[in-house]
Amino acid sequence: MRQMRDAIARELRRIAQRPRYLLIMMLGIVFSYVFYLSFMGEGQPENLPIGVVDHDGSYLSRRLCHEINATQGVDVVGVYSTHHEARRAMQKQQIYAFLEIPAGTYANVLDFKAPKMALYANNSYLLAGTLSYKNLATISKLSAAAVQREILRKQGYDEERVMGLIQPVELDAHLISNPMANYQPYVLTTVLPGIVALMAMLLTTYETGRERKEKTLGKWLRVEEGGALAAIIGKNLPYTLIFTLMGVVGNLIFFGPAHYVMLGNFWWLVLAMLLLVTASQSMGVLLSGLIPQQHLSVCVAAIYGALSFSMSGFSYPVTAMPSPLQALANLFPLRHYYLTYVDVAMYGRGFGAVWPHLTVLFGMLAAALAGGFLLAHDGKEVNDEK
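Criteria and cut-off values
- Residues numbered from 1 in each chain as written.
- Predicted model: local features only at pLDDT ≥ 70, side-chain atom pairs only at ≥ 80, totals over all residues.
- Heavy atoms only, no water.
- Phe/Tyr/Trp six-rings, centres within 6.5 Å; stacked < 30°, edge-to-face > 60°.
- Helix = DSSP H or I, 4+ residues; strand = E, 2+ residues; numbered from the N terminus.
- Buried < 20%, exposed > 50% of the residue type's maximum accessible area, 1.4 Å probe, protein only.
- Core = buried A, V, L, I, M, F, W, Y, C linked by side-chain atoms within 4.5 Å.
- Contact = heavy atoms within 4.5 Å.
- Right-handed = clockwise from strand over helix to strand, strands pointing away.
- Pairing = 2+ DSSP bridges.
- Axes fitted to C-alpha atoms, helices over the stretch in contact; angles between N-to-C directions.
- Parallel < 35°, antiparallel > 145°, perpendicular 65-115°, else oblique.
- Nonpolar A, V, L, I, M, F, W, Y, C, P; charged D, E, K, R; others polar.
- Expected span 1.5 Å × (residues − 1).
- Arc of directions from axis to C-beta.

Chemist: For this particular structure, what's the right way to read the packing of aromatic side chains?
Modeler: Centre distance and the angle of the planes are the two values used to describe a pair of aromatic rings. Per the counting criterion, the structure on display carries twelve aromatic pairs. Here the aromatic rings of Tyr 33 and Phe 254 are separated by 5.8 Å at their centres, their planes lie at 25 degrees, and the arrangement is stacked. Placement of Tyr 33 in helix H2 (residues 20-39) and of Phe 254 in helix H10 (residues 228-255) is noted, with a sequence separation of 221 residues between them. The class for Tyr 33 is buried, based on a relative accessible area of 8%. For the ring pair Phe 254 and Tyr 260, a centre distance of 5.3 Å and an interplane angle of 15 degrees mean the geometry is stacked. Within the aromatic cluster, the residues linked to one another by ring pairs are Tyr 33, Phe 254, Phe 255, Tyr 260, Phe 266 and Tyr 341.

Chemist: Just to check I follow, could you spell out the nonpolar core for this structure?
Modeler: Among soluble globular proteins, nonpolar side chains are generally buried collectively. Ranked by size, the top nonpolar core spans 58 residues in total, and within it Ile 29, Ile 195, Phe 243, Phe 254, Phe 255 and Tyr 337 carry the most contacts. Broken down by secondary-structure element, the contributors of at least two residues to this core are H2, helix H8 (183-213), H10, helix H11 (266-290), helix H12 (294-311), helix H14 (333-346) and helix H15 (351-363). Looking at this core, the element that brings in the most residues is H8, giving 13 residues. Discounting chain neighbours no more than four positions away, the residues touching Tyr 337 are Thr 189, Pro 193, Asn 251, Leu 269, Ala 272, Met 273, Leu 276 and Leu 361.

Chemist: Just to check I follow, could you spell out the pairing of strand S1 (residues 48-54) for this structure?
Modeler: Every regular strand shows the same layout, with side chains that alternate between the two sheet faces. Counting buried residues along S1, five of its seven residues qualify, which places the element largely inside the surrounding structure. In this view, the connection linking S1 to its parallel neighbour strand S2 (residues 74-80) by way of helix H3 (residues 59-70) has right-handed handedness.

Chemist: Explain the pairing of strand S3 (residues 97-101) to me, please; I cannot follow it from the model alone.
Modeler: Extensive coverage of S3 is indicated by the burial of five of its five residues. Strand direction decides the pairing type here: S1 and S3, joined by five bridges, are parallel. For Val 53, the partnering residue across the bridge sits in S3 and is Glu 100.

Chemist: Please explain the packing of H2 against H8 as it appears in this structure.
Modeler: Packed helix pairs are specified by the crossing angle of their axes together with the interaxial distance, meaning the distance between the axes. Contact geometry for H2 and H8: axes closest at 10 Å, N-to-C directions at 170 degrees. As summarised for this structure, H2 and H8 are arranged roughly antiparallel, according to the angle between their axes. Each of Tyr 21, Leu 22, Met 25, Gly 28, Ile 29, Ser 32, Tyr 33, Tyr 36 and Leu 37 in H2 lies in contact with H8, whose residues at this interface are Gln 184, Leu 188, Leu 192, Pro 193, Ile 195, Val 196, Met 199, Leu 202, Leu 203, Tyr 206 and Glu 207. Residues belonging to the contact of H2 with H8 are distributed by class as follows: 16 nonpolar, three polar and one charged.

Chemist: Would you mind showing me how to read the side chain of Glu 211 here?
Modeler: Mapped onto the elements of the fold, Glu 211 is located in helix H8. With a relative accessible area of 0%, Glu 211 lands in the buried category.

Chemist: How should the environment of Leu 142 be read in this particular structure?
Modeler: Mapped onto the fold, Leu 142 is located in helix H6 (residues 126-154). Residue class for Leu 142 comes out exposed when judged on its relative accessible area of 52%. Expressed as a C-alpha distance, the spacing of Leu 142 and Val 109, which sit 33 residues apart in the sequence, is 13 Å.

Chemist: What should I look at first to understand H2 in this one?
Modeler: Every α-helix winds through 3.6 residues per turn, so residues three or four apart in the chain are directed the same way. Its 20 residues give H2 an end-to-end C-alpha distance of 27 Å, which sits within 8% of 28 Å, the value for a rise of 1.5 Å per residue. Those residues of H2 that sit buried are Leu 22, Met 25, Gly 28, Ile 29, Ser 32 and Tyr 33. Projected down its long axis, H2 carries its buried residues within an arc of 125 degrees, all on one side. Those residues of H2 that are exposed and aimed more than 90 degrees away from the buried face are Ile 24, Leu 27, Phe 31, Val 34, Ser 38 and Phe 39. Tucked inside the fold, the buried residues of H2 contact helix H1 (2-17), H8 and H10.

Chemist: Even after reading the chapter, I still don't get H3, so can you show me in this structure?
Modeler: Look at H3: 17 Å from first C-alpha to last across twelve residues, which is about the 16 Å you get at 1.5 Å a residue. Three or more residues of H3 are buried, namely Leu 60, Ser 61, Leu 64, Cys 65 and Ile 68. The buried residues of H3 all sit within an arc of 135 degrees when viewed along its axis, so they share a single face. Facing away from the buried side of H3 by more than 90 degrees, the exposed set consists of Arg 62, His 66 and Ala 70.

Below is the structure:
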């Protein structure tokens, strides 16, 4: 404990002497929270620019354009006379999608024929293209059904029979834990804690490499006294508390003012955040022990941290990845934090569901032991040279 207290005091003095690195990391995290929470304040993109190619010029096509324009998610910025014009507008990134209404559409609807309308979406922009396509497809189907409903009513069918002909099977859909299809909880609850973990790992890797670069490795680790583990814990503990506090405050914003769904016990996420930060720091210590060059170890830590966003599974399901990548995903702390968040916040589960993820995060602290062993060996060599 004395060695740990000495290491904590030593690190606090170093922070006071050169605080800019820690401040830059903290400001980066604050900026990320402010930017994403304000940038995605609407929940999902709205008023996406789209176009319509109207070859029919009928009551139905005009009504269809009006209803599309009244939809909250999209905005009709142009009605084009030819397919070529609409395609050129899409290539110039003026619109994300367009609906092409062929000639004779209204006549086919009156004759109970199935008119075919073409939807074109630019999925180079995955989110914008997908949402535009979804809104256009929904509106076109509803408009055609509305016209058929009026025709069937005029033919004397009662309301129950009309709905049975238009929609034989009614779908009762329930969006679990995100009924408004808000894009913020889907992205930010993993991306922003991932940024906290990335900053913690980068700072740990940098500060540990700095000890080697300044040739203070042996003095810091007290290798002659066998205090390497206490020195590593003491050096990183101030950063652990700072980054964990920032991550917990971020979660309080998510489940407080931002009104994200929290069905379980919030304290499980506090523990998961603490383990996420410490596991990330442990990986930073390991990389510093494996790679003597400070700049190279920081670069590898940055690559590892960036890959964790893809390997966590929130954007692309891990179960759809090849088997080797599925196994590799378990080596990323963010993956287990994400699974804990899903079980606690979205499903309301307790210890019985989250203990495997928390256990893996706790087990990743062994990386700090391995890194400490390598650093102690290098520190002893420095002392021997002296």
